[in-house]
Amino acid sequence: MAATPISQEELEELREAFAKIDVDNNGFISKDELNELFRAANLPLPGYRIREIVQELTKTSDNLTFDEFANIVHGLKSTEVAKTFRKAINKKEGICNVAGTSEQSGTQHSYSEEEKVAFVNWINKALEKDGDCKHVLPMDPDSNDLFTAMGDGIILCKMINLSVPDTIDERTINKKKLTPFTIQENLNLALNSASAIGCHVVNIGAEDLKEGRQHLVLGLLWQVIKIGLFADIELSRNEALIALLRDGESLEDLMKLSPEELLLRWANYHLEEAGCGKINNFSSDIKDSKAYYSILNQVAPKGDEEGIPPIAIDMSGIREKEDLKRAECMLDQADRLGCRQFVMPADVVRGNPKLNLAFVANLFNKYPALKKPENQDIDWSSIEGETREERTFRNWMNSLGVNPRVNHLYADIDDALVIFQLYEKIKVPVDWDRVNKPPYPKLGSNMKKVRDRIFKLEDKIEEMEKHMRELQEENSQLLSQVHSDSRKIKSQEEHLQAYREMEATNKRLQDSKKELELNSVIFEVFSVLNAVCPLRYTLNILEDLGDGQKVTDDTIVSWVNDTLTQAGKPTISSFKDGSISSSMPVLDLIDAIQPGSIRYDLLKTEDLTDEEKLNNAKYAISMARKIGARVYALPEDLVEVKPKMVMTVFACLMARGMKRA
């Protein structure tokens, strides 16, 4: 019997259980702790089977890594002794089996009934006032309405825009008198836009959504919802999160934390304020609802802010003896804050990690109850949001399903494992036997980064080093002046001023050193990413379509101009052509590939303002995705005529056009 693959949700829960036993966080547990580990994961296994596994482990090592534990679980799911084991997994999550099996693995798919109910309720609330959705809303959470409603693509497009506003130009969504063709366009638009915001959609097609394949619909919806819930859980968008900084930590340490880690720290921050013990996860540690009670009581408005009335949390329910009743009472209090979404009492008691994470994220978004610290020596200028190019790279990587997910571009790829995965995506062979994998030896953070760097900063480093030498020389001159001429300084004020100038120079010197280090990392990361960026990925596709023929800038420009000329439309000179700022060349190319697709009456074509150019660009990017081109560039890239990103747009459209041919 083939082993059933471990889902991402199961893997996350196993990881939480492992972390709970691995108290010293060294990446290993003793074989003697295996029984305790299975109990922590809420997975029953007979004692004799545990002893057999321990005997096998002893032959090779006395320790067990997480990967080895996951492999054990994977193997157990195929054995007769694990029938109750598999039932326990299904029972925990309220799993429903889906008719049919996977053609690739031969295994039966399943989905969580609780997740379906949670997502239906969330969508009903989020889109209740949207007139375009009245034909399918409200959906009945106890039926299969969700899977039917997703079939025309409108709901998914709307949810994507709720998670990342303006991703899809509303003008491009087909909303009335839908036909199989216009439905297909909506689904193309939704899937390509989901990919552009970082959803992994490689194994999901329009037919899957049309046919309402439950496990795929729920998997994609969760990705979209999660991206929206996590949007503001980062330091650059919510500076009050700096209140979570611990003693001995730097700002960089806090900025490296994933949204999940920040949420857990946020929960423990309020639990500590309430004088309660901390939690290690949003599954087994919250099952009794007591931690939730304390967090709700801490974050509820106290009426100390003008215009915000107080909301008192009734804590009496915490004394309920039964977990289910206690959870119901707790959720009644969450409802008073308008934050009951995602979980039912049973989801809390069962410790559903996905739905409880969503519950906490929604609570954080509405009531963070954090204040930006004052009078602290913090360099606020270092807290900067990611650039458009950084966001494009990050979303592209996540859409390909790299593991772990990239939340912070530089911090999350500094061990190069994600880069190696991207190399494989662009058909660069990787010998994984030679790749170092976690847990890494404790070499020190800087040594690890140095070992894994691939490119060196050259021109920029030379420029910055020259600047630093000039500053050092200036600093030495000032210091000499203070010592040699101090007797000539006529007043104490002049003396102090000389020292102030010297201190200012010292600060500039230190800032230069920081900038040098930062630029080194950024340059190296971008050097690697430029080699494996969406453009390289798209060029590989073009080479496949062209039977291996090498694709260059000239190849793409030539194809674009031939296609435009055949359609009787103006051509471009290069990817720097100023006409691209209006997006008209892109729109014309889309119309040439799929005649009649562009509504020119919706566009402004002459004497454009910056706002009108942006509106055209939004329409162009969405239309490109609608006709089936997986575009990662952003509208601003067209308006500003960023050659590299403009090239990716034309390359993606070329790939789409060549498939049609």
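Thresholds applied
- Residues numbered from 1 in each chain as written.
- Predicted model: local features only at pLDDT ≥ 70, side-chain atom pairs only at ≥ 80, totals over all residues.
- Heavy atoms only, no water.
- Helix = DSSP H or I, 4+ residues; strand = E, 2+ residues; numbered from the N terminus.
- Buried < 20%, exposed > 50% of the residue type's maximum accessible area, 1.4 Å probe, protein only.
- Core = buried A, V, L, I, M, F, W, Y, C linked by side-chain atoms within 4.5 Å.
- Contact = heavy atoms within 4.5 Å.
- Axes fitted to C-alpha atoms, helices over the stretch in contact; angles between N-to-C directions.
- Parallel < 35°, antiparallel > 145°, perpendicular 65-115°, else oblique.
- Left-handed = near helix turned anticlockwise from the far one by under 90°.
- Nonpolar A, V, L, I, M, F, W, Y, C, P; charged D, E, K, R; others polar.
- Expected span 1.5 Å × (residues − 1).
- Polar contact = N/O pair within 3.5 Å; in protein donor to acceptor, adjacent residues only side chain to side chain.
- Salt bridge = Lys/Arg side-chain N within 4 Å of Asp/Glu carboxyl O.

(A) Summary view of the environment of Met 647. With respect to the helices and strands, the residue Met 647 is situated in helix α28 (residues 643-660). A residue is classified by how much of its surface remains accessible, and Met 647, at 7% relative accessible area, is buried. For the pair Met 647 and Ser 574, spaced 73 residues apart in sequence, the C-alpha separation works out to 9.2 Å.

(B) Highlighting the nonpolar core. Counting residues in hydrophobic clusters, the biggest one holds 91 residues, and the most contacted among them are Leu 220, Trp 266 and Leu 337. No other element matches helix α11 (residues 214-230), which puts eleven residues into this core. Once residues lying within four places of it in the same chain are set aside, the contact partners of Leu 337 are Leu 296, Val 299, Ala 300, Pro 301, Ile 311, Ile 313, Leu 363, Lys 366 and Tyr 367. Among the nonpolar cores identified, the runner-up in size contains 40 residues, and Leu 589, Ile 627, Ala 629 and Leu 638 belong to it.

(C) Up close: the packing of helix α14 (residues 290-299) against helix α15 (residues 323-336). Direction vectors running N to C along α14 and α15 enclose 20°, while the axes themselves pass 10 Å from each other. Between α14 and α15, the angle is such that the two are roughly parallel. Crossing angle aside, the handedness with which α14 passes α15 is left-handed. Only Arg 326, Cys 329, Met 330, Gln 333 and Ala 334 of α15 make contact with α14, whose side of the interface consists of Lys 290, Tyr 292, Tyr 293 and Leu 296. Of the residues assigned to the contact of α14 with α15, the class counts are six nonpolar, one polar and two charged.

(D) Representation of helix α18 (residues 388-399). The terminal C-alpha atoms of α18 lie 16 Å apart, and with twelve residues this matches the ideal 16 Å at 1.5 Å per residue to within 8%. Across the twelve residues that make up α18, a large majority, nine, are buried.

(E) Region of the structure containing the side chain of Asp 285. Note on placement: Asp 285 falls in the loop between α13 (259-273) and α14. Among the polar contacts listed, one links the side chain of Asp 285 to the backbone nitrogen of Asn 280, at a separation of 2.7 Å. Residues in contact with Asp 285, not counting those within four places in the same chain, are Lys 20, Ile 279 and Asn 280.

(F) Quick look at unusual backbone geometry. Note the cis peptide between Leu 137 and Pro 138, where omega equals 0°. Going from Asn 403 to Pro 404, the amide bond is cis rather than trans, its omega being 5°. Within the fold, Pro 404 resides in the loop between α18 and α19 (417-425). Of note, the phi angle at Lys 177 is positive, near 45°, even though the residue is not glycine. Turning to its location among the elements, Lys 177 is positioned in the loop between α8 (154-163) and α9 (180-196). Phi is positive for Val 641, close to 50°, though the residue is something other than glycine. Turning to its location among the elements, Val 641 is positioned in the loop between α27 (635-639) and α28. When its relative accessible area of 16% is taken as the criterion, Val 641 is described as buried.

(G) Region of the structure containing the pattern of salt bridges. Scanning all chains against the criterion turns up 28 salt bridges. Between Glu 170 and Lys 175 there is a salt bridge, with the nearest N and O atoms lying 2.8 Å from each other. Assessed through its relative accessible area of 33%, Glu 170 is described here as partly exposed. Between Glu 211 and Arg 213 there is a salt bridge; the shortest N-O distance is 2.7 Å.

None of the figures reported here should be taken as evidence of function without further support.
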